[in-house]
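# Analysis of the macromolecular model
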Amino acid sequence: MRKIIELKNVSKSFDGQKVLDNVSLDIYDNEFLTLLGPSGCGKTTTLRIIAGFEQPDEGQLFFLGEDIVALPPHKRNVNTVFQRYALFPHLNVFENIAFPLREKKAPQDEVRGKVEEMLRLVALTGFEKRSVTSLSGGQQQRVAIARALISHPKVLLLDEPLAALDLKLRKDMQQELKNIQKATGITFVFVTHDQEEALSMSDTVVVMSEGRIQQIGTPIDIYNEPKNAFVADFIGESNIVNGVMLRDRLVRFSGRDFPCVDEGFGKNEQVDVVIRPEDVDIVPEDRGALRGTVTGVTFLGVHYEIIVDIAGFKWMIQTTDFVDVDEHIGLSIDPDAIHIMKKSEYSGMFGDYSSFSNEFDELSDAESEADE
Amino acid sequence: MRENKDNLAVARRAALGPYGLWALLFILVPLAFVAYYAFTDNDFHFTTANIARFFTATSVVDGAVTHTYLLIFWRSLKLALISTLVCFLMGYPIAYILSRAPLRLQKVLITLIMIPMWMNFLIRTYAWMTILQDTGILNGLLRALHLKPVHIIGTEGAVVIGMVYDYFPYMILPIYSIMAKMDRKLEEAARDLGCNSFGVLRRVIFPLSLPGVISGITMVLIPSISTFYISQKLGNGKFYLIGDAIEGQYVANNLHFAAAIAFILMVILLIAMALMQRYANSKAAV
């Protein structure tokens, strides 16, 4: 695979606050790459540096091997789909999409042909004369994509493009974006704070936090083999407990020894142990490796989400079996459900559900990064 | 439900009442009087003589016979257009820079631009007389710098300077307010789609600021076309403008002819504004 964009040791500060801290990232041809992280993690700044709207304080940016840090946005072979679309309100759908071609003074026949082709691609044929302000959110989104794709950029940058759409439409657009990416073969760099969106659409996910890249990998790698407590917590739900690696394939946590599949840690090394809520089986109390008391049950349709107090540490478990609050249950965990991580600066910050609340979780990562 | 809605509509209409009364008493009635006076003679009999006089009255200027009021009108229009153009060329970049400045600086600068408007119009004009006179501040400064003094007072240039100074804020403010509200992402989008700085200005910022430009032009052109006094003081009375003509007729107790000139001016301005609005709408609809 050909490397298209390369960020090398890029750092950026705003008003003395470090937004990007020594970020290095390779982006390859024909790849759907997602920058994923919470508000203020630096993902939008990374995108804006690639687009040319921000200059890195330090580091280099290569495009097909050529340093483009000094190149202004209009000379870069990348285009952006903006968060709130940024369609030109004084132009109709046709002229919005034709905007880049008009700048190049392309002949009218060519403009017409290409705009029609783009309208077909985003399923908006017949909307040429419509005012962009009369379109629905989803339609505006499509116009923004068509406009960004019409000059066939090497890379399309998408800045939280689906954040303003409602859930149903968002799901449809996810699929459609994926199809457009496949059909055009253009590299997509997609920014989102929605981990589900990132997992379902991407070839490569880049998890960011506090201006640093935490992990780069395929969605499956990121989910199954998170590198540290931050990634484990941000991608899906995780119970993260302190453990000691007694030897290869044997770990002690919550006062018990468990066989696992990880090796290569030091003898008696302190580690973080991740167990996904869906990987825990509920068994009668006397047959469980761990025992605890149910403190909360939430019905979520497909499954129940229960909170279990095990020796003072609250675990989250997803199960289709009903258990009641105050019931004493046993838990059984398979060796391959246990994932061992090295200790990091994020150890102890995540993975305990004692103060868990759904609403709070949504509040904290709602609204996008207006001030980033 | 239905009743509530009806009540709401009645309440809305009632709320408009005071404004309607105000508009009737202070806008419509005076306008009707202007029209009434314009089309009547001293005995309040219907006549078109006043209107006709505007178009036909002649006098001898520099040895040649000219249509007095048409000449005055043309002169007013010319000076007003020049002033408006100068205001636009100076005001547009200032409005743009202003709208991109840090917010606190914006407020300070806007206040500075508006402060002269708090001073009386006559005082401002007298101030310019003091500056522009042959022995005034400007020439004093030039002499101190060993430069040749300039003769400005009593020229059309002095009248234009006075008009520009008086009406400049009316150009800046509407353009500034529309630019301050403009979505900055649109500029980024234009740059992203291949525009250099000039392209962004030409294809995005200017078309979107057009409503501000139109109202700026209207707010400068209309008062400067009908202004009086500036020309008397800064033009040494050599450039009799349409406003001066109205004032002169009024002072001479020639109310009917004064009303006729005012009426004609109003009709011409209304037509001009309608045309401009139409142009703006056709631009907006593209």
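Reading the values: rules and limits
Residues numbered from 1 in each chain as written. Chains lettered and ligands numbered in written order. Predicted model: local features only at pLDDT ≥ 70, side-chain atom pairs only at ≥ 80, totals over all residues. Contact = placed C-beta atoms within 7 Å. Helix = DSSP H or I, 4+ residues; strand = E, 2+ residues; numbered from the N terminus. Domains from an automatic or database assignment. Nonpolar A, V, L, I, M, F, W, Y, C, P; charged D, E, K, R; others polar. Buried ≥ 20, exposed ≤ 12 C-beta atoms within 10 Å, placed from the backbone.

## Focus on the interface of chain B and chain A
Taken together, the contacts link 17 residues of chain B with 18 residues of chain A. Among the elements that line the side of chain B that touches chain A, the one with the most residues is helix H8 (residues 184–192) of chain B, at six residues.

## Brief notes about the domain arrangement of chain A
All names here are of chain A. Per the domain assignment, the segments making up chain A are domain 1 (3–224) and domain 2 (229–365). Distance between the C-alpha centres of domain 1 and domain 2: 37 Å. Contacts between the two partners involve 10 residues from domain 1 and, on the opposite side, six residues from domain 2. Breaking the side of domain 1 that touches domain 2 down by element, the ones donating at least two residues are strand S9 (204–209), strand S10 (212–217) and helix H7 (219–224). A breakdown of the residues in the side of domain 1 that touches domain 2 according to their chemical character gives four nonpolar, six polar and no charged.

## Regarding unusual backbone geometry
As a rule of thumb, non-glycine residues mostly have phi less than zero, and peptide bonds are mostly trans rather than cis. Residue and element names in this part refer to chain A. Its identity is not glycine, yet aspartate 15 carries a phi of approximately 50°, on the positive side. Mapped onto the elements of the fold, aspartate 15 is located in the loop between strand S1 (3–14) and strand S2 (17–28). C-beta crowding within 10 Å serves as the criterion here: with 5 such atoms nearby, aspartate 15 is assigned to the exposed category. A positive phi angle, close to 40°, is found at glutamate 160, a residue other than glycine. In this fold, glutamate 160 is placed in the loop between strand S7 (155–159) and helix H5 (167–184).

## Observations concerning the environment of glutamate 160 of chain A
We classify glutamate 160 of chain A as buried; it has 21 C-beta atoms within 10 Å. Spatially, the C-alpha atoms of glutamate 160 of chain A and proline 56 of chain A are 21 Å apart, while their sequence positions differ by 104 residues.

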